[in-house]
Amino acid sequence: MQRIGIIVNPHARSIKKSSKDMPALFRKIGGEHAEVRLSNTLEELDDIILRFRESGITCIGTSGGDGTVHHVVSRMIHLYRPDPAPPLVILKGGTMDNIARTIALKGKGPTILERLVASFRAGKPLVTHERDTMKIGDRYCFLFGCGLTTNFLNAVYSGEKGTVTNLKVIARALSEGLRDKKDSELFKRLVARVLVDGKELHFREILAILAGTVEQVGMGFTPLPRGNEKPGSFHIIITGEKPIEGVKQFFRIKKGLPLKGPRNFNDVISSLVIESDAPFQYTMDGDMFDSGPRLVVEMGPRVRLVSV
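Residues numbered from 1 in each chain as written. Predicted model: local features only at pLDDT ≥ 70, side-chain atom pairs only at ≥ 80, totals over all residues. Heavy atoms only, no water.

Q: Explain the sheet that holds strand β10 (residues 193–196) to me, please; I cannot follow it from the model alone.
A: The strands that make up a sheet are held in pairs by hydrogen bonds between backbone atoms, and each pair lies either parallel or antiparallel. Taken in spatial order, the six strands make up an open sheet running β7-β6-β19-β16-β10-β11, and their pairing is antiparallel. The open sheet is flanked by β7 (139–141) and β11 (199–200), the only strands paired with a single partner. The pairing of strand β16 (residues 271–275) with strand β19 (residues 294–299) spans five bridges and is antiparallel. Bridge pairing in β19 links V273 to V296. (Pairing = 2+ DSSP bridges. Helix = DSSP H or I, 4+ residues; strand = E, 2+ residues; numbered from the N terminus.)

Here it is in structure tokens:
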């Protein structure tokens, strides 16, 4: 019998704000085909995944945002080694749900689970799409960024998560960029030596880096259209242009068109090295981390995402 092991992040905004008891709802919908567990810590997450592995579940589901997916994927890869991780079912629940968007997964978590259970009962095989992951240390992700990318997220996270806050920060970025505001925290630069596939960029003042194996970053932005172009690679955008130049090309960024100007890099690569004298922040699927003087982004294993 096909079964799904569902990991619910009780700290996720959608879970905390829901008027429904989501774990109970998942249990009701899943019936004998689902085992639902809440994970409050990474230690609990490991225990849950090991339990799922021992019980031979068919696939693992996540209920939370992209950050939840990031942590579950990272631990799945580690704990299932040397075997490949099982297929992942994204039951959504995030503000952006960028990873689910890459396979055009429709509906909310309960609806997705209903379709999956119906498929189980009909004896149908899982339909999956493979996506590469990016590896930093012992973590794996689908989206990476620093510079303006993390500055933007810090501004978003300082308020109430949601579309309204995102739009306000976008408006602030456009305003400060056009005015060339010198003390703008959003446009604070990263000074670093950057190597892409072993070749050093000719500029060291970095305004933003964004990379991914998925195309979208939410809010209708598809800046990484080549994210799934070639197995074993990710799409990366690096700019050292002045903020005003980036603002002028806002719609090119939104549509995934290469930026114009001499201090830009836009291509598909398999490794990135950032060397900086000062520590800096970076993001993996929306979660924030602090870097040491040298950061290496390389390819991780491919994972299977369930489409239903």
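Read on, since the account is not over.
Q: For this particular structure, what's the right way to read the sheet that holds strand β15 (residues 264–269)?
A: Spatially, six strands are ordered β15-β14-β13-β8-β17-β18 in an open sheet, and the strand pairing comes out antiparallel. Taken across any chain shown, the strands that pair with only one partner, and hence form the sheet edges, are β15 and β18 (287–290). Within the sheet, the average angular offset between the axes of one strand and its neighbour, ignoring direction, is 15°. In this sheet, β15 lies alongside strand β14 (residues 234–239) in antiparallel orientation, the contact comprising six bridges. Bridge pairing in β15 places I238 opposite F265. Contacting β8 (143–147), β13 (208–212), β17 (281–284) and β18, helix α7 (residues 148–157) runs over the sheet at an angle of about 95° to β8. (Axes fitted to C-alpha atoms, helices over the stretch in contact; angles between N-to-C directions. Contact = heavy atoms within 4.5 Å.)

Q: Just to check I follow, could you spell out helix α2 (residues 22–30) for this structure?
A: Because an α-helix completes one turn every 3.6 residues, residues spaced three or four positions apart along the sequence face the same direction. Burial in α2 covers these residues: M22, P23, F26, I29 and G30. Along the long axis of α2, the arc covered by the buried residues comes to 130°, so they all point the same way. Buried residues along α2 sit against β1 (4–8), α1 (13–17), β2 (34–38), β3 (59–63) and α6 (109–121). With a side-chain oxygen lying 3.2 Å from the backbone nitrogen of A24, the N-terminal cap of α2 falls on D21. Phi for G31, located one or two positions after α2, is positive at around 55°. (Buried < 20%, exposed > 50% of the residue type's maximum accessible area, 1.4 Å probe, protein only. Arc of directions from axis to C-beta. Polar contact = N/O pair within 3.5 Å; in protein donor to acceptor, adjacent residues only side chain to side chain.)

Q: Where do I start with the packing of helix α3 (residues 42–55) against helix α4 (residues 66–80) in this structure?
A: In a pair of packed helices, the angle between the axes and the distance between the axes together describe the arrangement. Axis separation between α3 and α4 bottoms out at 10 Å; the angle between their running directions is 50°. One element, α3, and the other, α4, form an angle in the oblique class. Where α3 crosses over α4, the handedness of that crossing is right-handed. Of α4, the residues touching α3 (which contributes L42, L45, D46, I49, L50, F52 and R53) are H71, V72, R75, M76, L79 and Y80. Of the residues assigned to the contact of α3 with α4, the class counts are nine nonpolar, one polar and three charged. (Parallel < 35°, antiparallel > 145°, perpendicular 65-115°, else oblique. Left-handed = near helix turned anticlockwise from the far one by under 90°. Nonpolar A, V, L, I, M, F, W, Y, C, P; charged D, E, K, R; others polar.)

Q: Would you take a moment to explain the nonpolar core for this structure?
A: Residues I4, I6, I60, L88 and L113 are the most contacted members of the largest nonpolar core, which totals 49 residues. For this core, the element with the highest residue contribution is α4, accounting for seven residues. Setting aside chain neighbours within four positions, we find I6 in contact with F26, A34, E35, V36, R37, F52, G61, L91 and L113. One finds V194, L201, I206 and M284 within the second-largest nonpolar core, a separate group that totals 28 residues. (Core = buried A, V, L, I, M, F, W, Y, C linked by side-chain atoms within 4.5 Å.)

Q: I tried to follow the packing of aromatic side chains on my own but got confused; where do I start?
A: Two descriptors summarise a pair of aromatic rings, namely the distance from one centre to the other and the angle between the planes of the rings. For the structure shown, the criterion picks out four aromatic pairs. Here F221 and F250 contribute two aromatic rings whose centre-to-centre distance is 5.5 Å and whose plane-to-plane angle is 85°, an arrangement assigned as edge-to-face. Linking F221 in the loop between β13 and β14 with F250 in helix α10 (residues 250–255), this pair joins segments that are 29 residues apart in sequence. Between K254 and the ring centre of F221, over which it is positioned, the NZ or CZ distance is 5.7 Å. (Phe/Tyr/Trp six-rings, centres within 6.5 Å; stacked < 30°, edge-to-face > 60°. Lys NZ or Arg CZ within 6 Å of the ring centre and 35° of its normal.)

Q: Help me understand the environment of V196 in this model?
A: Its place among the elements puts V196 in strand β10. Assessed through its relative accessible area of 5%, V196 is described here as buried. Once the C-alpha coordinates of V196 and D267 are considered, the two residues, 71 residues apart in sequence, prove to be 9.5 Å apart. Ignoring any residue separated from it by four or fewer positions in sequence, one finds V196 in contact with L201, I238, F265, I269, S271 and L272.

Q: It is not clear to me how the pattern of salt bridges should be interpreted in this structure. Could you clarify?
A: One side chain can pair with another of opposite charge once the charged atoms of both are near each other. This model, assessed by the stated rule, comprises 17 salt bridges. Among the ionic pairs, R53 bridges to D83, the shortest N-O distance being 3.3 Å. Highlighted residues: R53 in helix α3 and D83 in the loop between α4 and β4 (88–90), separated in sequence by 30 residues. Here E200 makes a salt bridge to R193, at a shortest N to O gap of 3.1 Å. The exposure class of R193 is partly exposed, given its relative accessible area of 27%. Where salt bridges share partners, they join R193, E200, R204, E275 and R294 into one cluster. (Salt bridge = Lys/Arg side-chain N within 4 Å of Asp/Glu carboxyl O.)

Q: Looking at this model, I keep getting lost on the pairing of β10. Mind explaining?
A: Successive side chains on a regular strand alternate, one facing one side of the sheet and the next facing the other. Relative to β16, β10 runs antiparallel, the two sharing four bridges. In the sheet register, V194 faces β16, and the bridge partner there is I274. Judged from the two bridges that link them, β10 and β11 form a sheet pairing that is antiparallel. In the sheet register, L195 faces β11, and the bridge partner there is E200. Two successive antiparallel strands, β10 and β11, enclose a turn made up of two residues, where D197 displays a positive phi of approximately 50°.

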